[in-house]
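# Secondary and tertiary structure notes
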Amino acid sequence: MSAINFDVKPTRRDRFVFQYPPFETMRPEDAPRFNEPAADWRANDGFQLYVHIPFCAVRCTFCYYGIMPNTFRTVVDPYIEALHKEIDMVADLPFLQGRKVETIYFGGGTPTYLKEEQLERLVGHLRERFDLAEDVEWTSEGEPTTIQESKLRLLKDLGITRMSFGIQSFHPEIATINGRIAKPHVVARTLEWAKKARFRVTNIDLMSGMLGETMETWKHSIDTILDYLPEHITIYRMEIKPGTQFYTKLQFDAELRKKFVGDPAELEMLNYAEERFAMKGYQHHTHFSWVLDKQFEHTHRTNCWRGKDLIALGESAFGFAGGYLYQNCNPYRPYIKVVNDGDVPIAGGHKLTRLEEMTGYMVMGMKLLSISRDEFRSRFGEDPVAVFSDALRYLEEQGAVKVDENTIHVTQHGCNYADSYLRVFYPSEHLALDEITVGTPDFTTMPLYSQGAGGLVTLNRSQGPTAA
């Protein structure tokens, strides 16, 4: 067996892959029945928890997630109550009994949007209902405008071991252009408070290719993040998707398009960051993250991408367990109703075939920059080099991987273009589903729209306006 997609063109603009197979494979009729025993559940393995907090102070201009900005407490409070009820139902599921929680991730949205007493109760409830490993890695995302020093101290005292801050840009002009609301002094004080709280790991997210970014502004962000020397750094590639504020603006605003960062310039910025990080002793953890030391690697991400069970809590949250990819219902009103009616709120799922599980191991292994042939054999009973011989041969020819007796290593070239190259493993039906999720288009070739007297018109650069 081998994947057959060899028409992969490396591009930094390719869409970030979160999971395999694509989420679009899930169907309501295939939702898993986790309240029933199943022989193929790995009862002795630890599992991961993801808790979704969908509230934000504002929606960023590039945000395409299902979040609720500027939310009143009349919405937040009922949601949190429903979340507690879901915790009780999920904790009682038969296939989780006797298993330890290895990692917990509070994501969003913005978990720190919650009040301190809500965070304290939520953490306490999870500790009460689940058996946590002694060395549990517990991450919470945080946004500077929703944080006070007392809230960070509380999170540390509650057992949060890892704080992750989505700063995106330290340059005030770039942050403003891209809809970030935290002023530089707010960001600075938040990171200083986090340093004083002495979390085991602090992660800072940057975003490459932000609108208006230049090498000068990018160097400012890299200089600033290295002043803080966080244990973990993540750089996401900006993606501008249909439905976001930015996508609409860029369709109509010719001047704004001129500030859009092209692929070569973005890659140059990424390479600059790579060089600076290496000088400070950082090393890759994934193709888009770096750590000061291996001990600071993100265990939650590694465990999930190596195929360990992930239990999802909260509206729209994705999970993987019992061989199923699944998602909770959304938005918050249906979620609250289902939970209040006493049901586990799973809206859809997809039971993975054995080949899909093997393919997922290869796809996510590309993002983790290595695949152990022994671990693959232990799990699936076959050698990945035999199962995916054609795909791996192609990747070797492209200089994306190197294969030895024990490991498939992703090269620096493969690291730069991992989200493109990993699609070599996709079968044609999953590539078709993958195209549903549109990545950032090339705005230099897209038609430019304008509101004319006769309605919407297309401004063709070589011919002038033509009817759309």
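Residues numbered from 1 in each chain as written. Predicted model: local features only at pLDDT ≥ 70, side-chain atom pairs only at ≥ 80, totals over all residues. Heavy atoms only, no water.

## Brief notes about the overall build of the protein chain
Defined as follows: Helical segments are the DSSP runs of H or I of at least four residues, strand segments are the runs of E of at least two, and each set is numbered from the N terminus. By definition in these notes, contact holds between two residues if any of their heavy atoms fall within 4.5 Å.
Scanning the protein chain for helices and strands turns up 18 helices and 20 strands. If you take every contact in the protein chain between residues at least 6 apart in sequence, the share linking residues at least 24 apart comes to 75%.

## Quick look at the sheet that holds strand β16 (residues 401-403)
To be explicit about the condition: Two strands pair if DSSP finds at least two bridges between them. Orientation is described by lines fitted to C-alpha atoms, with helices fitted over the stretch in contact, and by angles between N-to-C directions that extend from 0 to 180 degrees.
Overall, antiparallel pairing links the 3 strands, which are arranged β15-β17-β16 in an open sheet. Sheet topology places β15 (370-372) and β16 at the edges, where each strand pairs with a single neighbour. Geometrically, the sheet is characterised by an average inter-axis angle of 10° between neighbouring strands, direction not taken into account. Summarising the sheet, β15 and strand β17 (residues 407-410) pair through 3 bridges and their orientation is antiparallel. Within β17, the position partnered with Ile371 by the bridge is Ile408. Lying on the sheet, helix α13 (residues 373-380) is in contact with β15, β16 and β17; it crosses β15 at an angle near 55°.

## Some thoughts on a nonpolar patch on the surface
Inclusion rule: Patch definition: residues above 30% relative accessible area lacking any salt bridge, with like charges linked at up to 9 Å and the nonpolar side chains Val, Leu, Ile, Met, Phe, Trp and Tyr linked at up to 5 Å. Each accessible area value is a Shrake-Rupley result obtained with a 1.4 Å probe; residue values ignore everything except the protein chains displayed when judging cover. Salt bridges, as used here, are contacts in which a Lys or Arg side-chain nitrogen is within 4 Å of a carboxyl oxygen on Asp or Glu.
Taken together, the side chains of Phe18, Tyr64 and Tyr65 define a hydrophobic patch exposed on the protein surface, amounting to about 280 Å² of accessible area. As for its placement among the helices and strands, Tyr64 is situated in the loop between β2 (55-56) and β3 (68-69).

## Details of unusual backbone geometry
The test is simple: Think of it in three bands: with a 1.4 Å probe and only protein chains considered, a residue is buried below 20% of the maximum accessible area for its type, exposed above 50%, and partly exposed in between.
Residue Pro21 follows Tyr20 across a cis peptide bond; omega there is 0°. Inspection of the secondary structure puts Pro21 in the segment before β1 (47-53). You will see that Gln168, though not glycine, has its phi angle at about 75°, which is positive. By the secondary structure assignment, Gln168 is in strand β6 (residues 162-168). Residue classification places Gln168 among the buried positions, given a relative accessible area of 10%. Although it is not a glycine, Arg198 sits at a positive phi angle of roughly 60°. With respect to the helices and strands, Arg198 occurs in the loop between α5 (184-197) and β7 (201-208). Classification of Arg198 as exposed rests on a relative accessible area of 67%.

## Some words on α13
Here is the rule: An arc is given here, and it is the one of the directions from the helix axis to the C-beta atoms. Two N or O atoms form a polar contact when they lie within 3.5 Å of each other; inside protein one atom must be a possible hydrogen donor and the other a possible acceptor, and for residues adjacent in sequence the pair counts only when both atoms belong to side chains.
Restricting attention to buried positions, one finds in α13 the residues Arg373, Phe376 and Phe380. Seen end-on, α13 carries its buried residues on one side only, within an arc spanning 60°. Against the buried residues of α13 lie α12 (354-367), β15, α14 (384-387), β16 and β17. The backbone nitrogen of Asp374 has a side-chain oxygen 3.4 Å away, supplied by the residue at the start of α13, namely Ser372. A positive backbone phi angle near 80° is found at Gly381, which sits one or two residues after α13.

## Some remarks on the confidence of the model for the protein chain
The cut-off we apply is this: For every residue, the predictor assigns a confidence score, pLDDT, that lies between 0 and 100.
When pLDDT is averaged along the protein chain, the result is 89, and 88% of the positions lie at 70 or above. Confidence drops under pLDDT 50 across residues 452-468; counting only partners more than four residues distant or on other chains, this segment forms 27 contacts.

## A short note on the nonpolar core
Just so we agree on the cut-off: Think of a nonpolar core as a cluster: buried Ala, Val, Leu, Ile, Met, Phe, Trp, Tyr and Cys residues, connected wherever their side-chain atoms sit within 4.5 Å.
One finds Leu126, Phe130, Phe277 and Leu395 to be the most contacted residues of the largest nonpolar core, which totals 117 residues. The biggest single contributor to this core is helix α1 (residues 73-91), with 10 residues. Those residues in contact with Leu126 that lie beyond four places of it in its chain are Leu49, Val51, Ile87, Phe106, Trp138 and Leu313. Core analysis: the next-biggest nonpolar cluster, separate from the first, contains 16 residues, Leu211, Leu250, Leu256 and Phe260 among them.

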